[in-house]
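# Architecture and fold: a report
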Amino acid sequence: MLSHLQTSIGKLKLENPIIIASGVCGFGEENVEVLNQCGAVVFKTLTLNPKKGNPTPRVAEFPYGMLNSIGLENPGIDGIKDKISYIKKLKCKKIASFLAEKEDEFFLILEKLENYKIFDGYEINLSCPNVEKGRWFYDTKILKNILKNLRQNTKKPLIAKLSSEKNLLENVRIIKNLNFDAITLLNTYTAIAVDYKNIKFKLGNIYGGYSGPAIKPLVQRWVYDIRKKFDIDIIASGGIISGVDVVEYLLLGAKAVQIGSAYFRNPNLPSECINFLKNYLEVKKLSLKQIIGLLK
Ligand SMILES: Cc1cc2nc3c(=O)[nH]c(=O)nc-3n(C[C@H](O)[C@H](O)[C@H](O)COP(=O)(O)O)c2cc1C
């Protein structure tokens, strides 16, 4: 059957390649039906202790994207205890995202997440533009140390979420050599927005992360380049607003994609993308496997 949509990310098997990106759904109950149609959900990034996030305003909208500086507001690892029954209800694969502000916090966080026994894998957020501490992609030596220890401490699938701002290719090489299951390309792009009328910055934090259609060609370039250079599974994240974008990323070599900010405007987007992809495969008489990386 050509239109079956199963894909795999390292050891992680997904019913289809549509993943909800971190930060898009919190741990709320309202999204169960949508999430159950997806291959996986990556939950909001957790830190060891609760975080209040950045000063407001935290969001600025543009015609081709949005700037956010949420600053990882989250209840902390222990704060999700009362969400366990909700998370268990989900039929899609459940991926926890986490970030440690200090190097030695990583292992405590991992241990606590493992103890919940509900997650199918982990996405390590190494690239959040909205926090002062925890942007580990800047230092390849420390990054290697952290990821090596994480790999030694779990058998579950591990995904590293990266930034193109520094050391991208070097970091991918390290991650590949440490037997990570996949990389997510990319996080939001550090950016600022100006309110010229009131002569001030639009965000309380000045800096934010830019997402949406404007970043898609930039991310596509990296998906293509990294696919050519490295044998590692790629999850693409950046600017998906329709099934067309999904197919483009798959043709460039991504094995799965994440839907981010467009989900806020259109919660039906995951099912629209799935239908579009099924149709596309039928019309082209190709399997999902055949279209992944078809563009050489
Ligand atoms: C409001 C908002 C919050 C986000 N929070 C997180 C987060 O907690 N962890 C993370 O790894 N990425 C976070 N992201 C980044 C998204 O997961 C995604 O990588 C990025 O938005 C690019 O995809 P898009 O262009 O489809 O939005 C957030 C993005 C937005 C817009």
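First, a word on what this report is: a plain description of the structure on this page. (Residues numbered from 1 in each chain as written. Predicted model: local features only at pLDDT ≥ 70, side-chain atom pairs only at ≥ 80, totals over all residues. Heavy atoms only, no water.)

## Observations regarding the overall build of the protein
Looking only at helices and strands, one finds 10 helices and 16 strands in the protein. Relative to the globule expectation of 19 Å for 296 residues, the C-alpha radius of gyration of the protein, 18 Å, shows essentially globular dimensions. Judged by the C-alpha coordinates and their principal axes, the protein covers about 50 × 50 × 40 Å. Expressed as a percentage of contacts within the protein between residues at least 6 apart in sequence, the contacts between residues at least 24 apart total 70%. Looking at charge distribution, the protein has the averaged site of its 43 positive side-chain charges lying 4 Å from that of its 29 negative ones. (Helix = DSSP H or I, 4+ residues; strand = E, 2+ residues; numbered from the N terminus. Rg over C-alpha atoms; globule rule 2.2 N^0.38 Å. Contact = heavy atoms within 4.5 Å. Lys, Arg positive; Asp, Glu negative; His and termini not counted. Charge placed at Lys NZ, Arg CZ, Asp CG, Glu CD.)

## Some words on the nonpolar core
Residues Leu113 and Phe119 are the most contacted members of the largest nonpolar core, which totals 81 residues. Residues contacting Leu113, with those up to four places away along its chain left out, are Leu46, Ile77, Ala96, Phe98, Phe119 and Tyr122. In this structure, Leu12, Leu14, Ala40 and Ile95 belong to the second largest nonpolar core, which totals 11 residues. (Core = buried A, V, L, I, M, F, W, Y, C linked by side-chain atoms within 4.5 Å. Buried < 20%, exposed > 50% of the residue type's maximum accessible area, 1.4 Å probe, protein only.)

## As for the side chain of Arg135
Mapped onto the fold, Arg135 is located in the loop between strand S8 (121-125) and helix H4 (140-153). Here the side chain of Arg135 touches Glu165 through a polar contact of 3.3 Å, side chain to side chain. (Polar contact = N/O pair within 3.5 Å; in protein donor to acceptor, adjacent residues only side chain to side chain.)

## Digging into the site of the ligand
Residues in contact with the ligand amount to 23 residues; listed here are only the nearest, Ser22, Thr45, Ser237, Gly239 and Ser261. One nitrogen or oxygen atom from the main chain of Ser22 is found 2.7 Å from an oxygen atom belonging to the ligand. Within the side chain of Ser261, one N or O atom sits 2.5 Å away from an oxygen atom of the ligand. Compared with its free state, where it exposes 610 Å², the ligand has 96% of that area covered by protein. Residue composition of the shell around the ligand, by class: 7 nonpolar, 14 polar and 2 charged. (Near = heavy atom within 4 Å. Areas by Shrake-Rupley, 256 points an atom, 1.4 Å probe, with all protein chains shown as cover. Nonpolar A, V, L, I, M, F, W, Y, C, P; charged D, E, K, R; others polar.)

## Topic: the environment of Ala256
In this structure, Ala256 sits in strand S16 (residues 256-259). For Ala256, a relative accessible area of 0% puts it in the buried group. With 72 residues separating them along the chain, Ala256 and Thr184 place their C-alpha atoms 9.3 Å apart.

## Some words on the pattern of salt bridges
The full count for this structure, using the stated rule, is 13 salt bridges. Residue Glu101 pairs with Lys51 through a salt bridge whose shortest N-O separation is 2.7 Å. Of this pair, Glu101 sits in the loop between strand S7 (93-98) and helix H3 (105-116) while Lys51 sits in the loop between strand S4 (40-42) and strand S5 (59-62), and the two are 50 residues apart along the sequence. Classification of Glu101 as partly exposed rests on a relative accessible area of 25%. Two residues, Glu165 and Arg135, come together in a salt bridge whose shortest N-O distance is 3.3 Å. Here Glu165, found in the loop between strand S9 (158-162) and helix H5 (168-177), pairs with Arg135, found in the loop between S8 and H4; they are 30 residues apart in sequence, far enough to count as distant. A residue is classified by how much of its surface remains accessible, and Glu165, at 32% relative accessible area, is partly exposed. Salt bridges sharing partners connect three or more residues here, namely Lys11, Arg151 and Asp181. (Salt bridge = Lys/Arg side-chain N within 4 Å of Asp/Glu carboxyl O.)

## A word on the sheet that holds strand S3 (residues 18-20)
Reading around the circumference, S3-S4-S7-S8-S9-S10-S15-S16 is the order of the 8 strands in this closed barrel, with parallel pairing throughout. With direction set aside, neighbouring strand axes in the sheet form an average angle of 25 degrees. Direction of pairing for S9 relative to strand S10 (residues 182-185): parallel, over a ladder of 4 bridges. What sits directly across from Ile159, in S10, is Ala182. Where H5 meets the sheet, it contacts S9 and S10, and its direction lies at approximately 175 degrees from that of S9. Sheet strands in contact with helix H7 (residues 243-252) are S3, strand S15 (233-237) and S16, and its direction is about 145 degrees off that of S16. (Pairing = 2+ DSSP bridges. Axes fitted to C-alpha atoms, helices over the stretch in contact; angles between N-to-C directions.)

## Considering the packing of H3 against H4
Packing of H3 against H4 brings their axes to within 10 Å, and their N-to-C directions diverge by 25 degrees. Classified by the angle between their axes, H3 and H4 sit roughly parallel to one another. Crossing handedness for the pair H3 and H4: right-handed. On H4, the residues touching Phe106, Phe107, Leu110 and Glu114 of H3 are Ile146, Asn149, Leu150 and Asn153. Here the residues of the contact of H3 with H4 are counted per class, giving 5 nonpolar, 2 polar and 1 charged. (Parallel < 35°, antiparallel > 145°, perpendicular 65-115°, else oblique. Left-handed = near helix turned anticlockwise from the far one by under 90°.)

## Regarding the packing of aromatic side chains
The final tally for this structure, using the stated rule, is 7 aromatic pairs. Centroid distance Phe62 to Tyr210: 5.8 Å. Interplanar angle 90 degrees. Geometry classified as edge-to-face. With Phe62 in strand S5 and Tyr210 in strand S14 (residues 207-211), this residue pair connects regions lying 148 residues apart in the sequence. Among the aromatic side chains, those forming a connected cluster through ring pairs are Phe98, Phe106, Phe107, Tyr122 and Trp136. For the cation-ring pair, Arg221 lies above Trp222, with the distance from its terminal atom to the ring centre recorded as 3.7 Å. (Phe/Tyr/Trp six-rings, centres within 6.5 Å; stacked < 30°, edge-to-face > 60°. Lys NZ or Arg CZ within 6 Å of the ring centre and 35° of its normal.)

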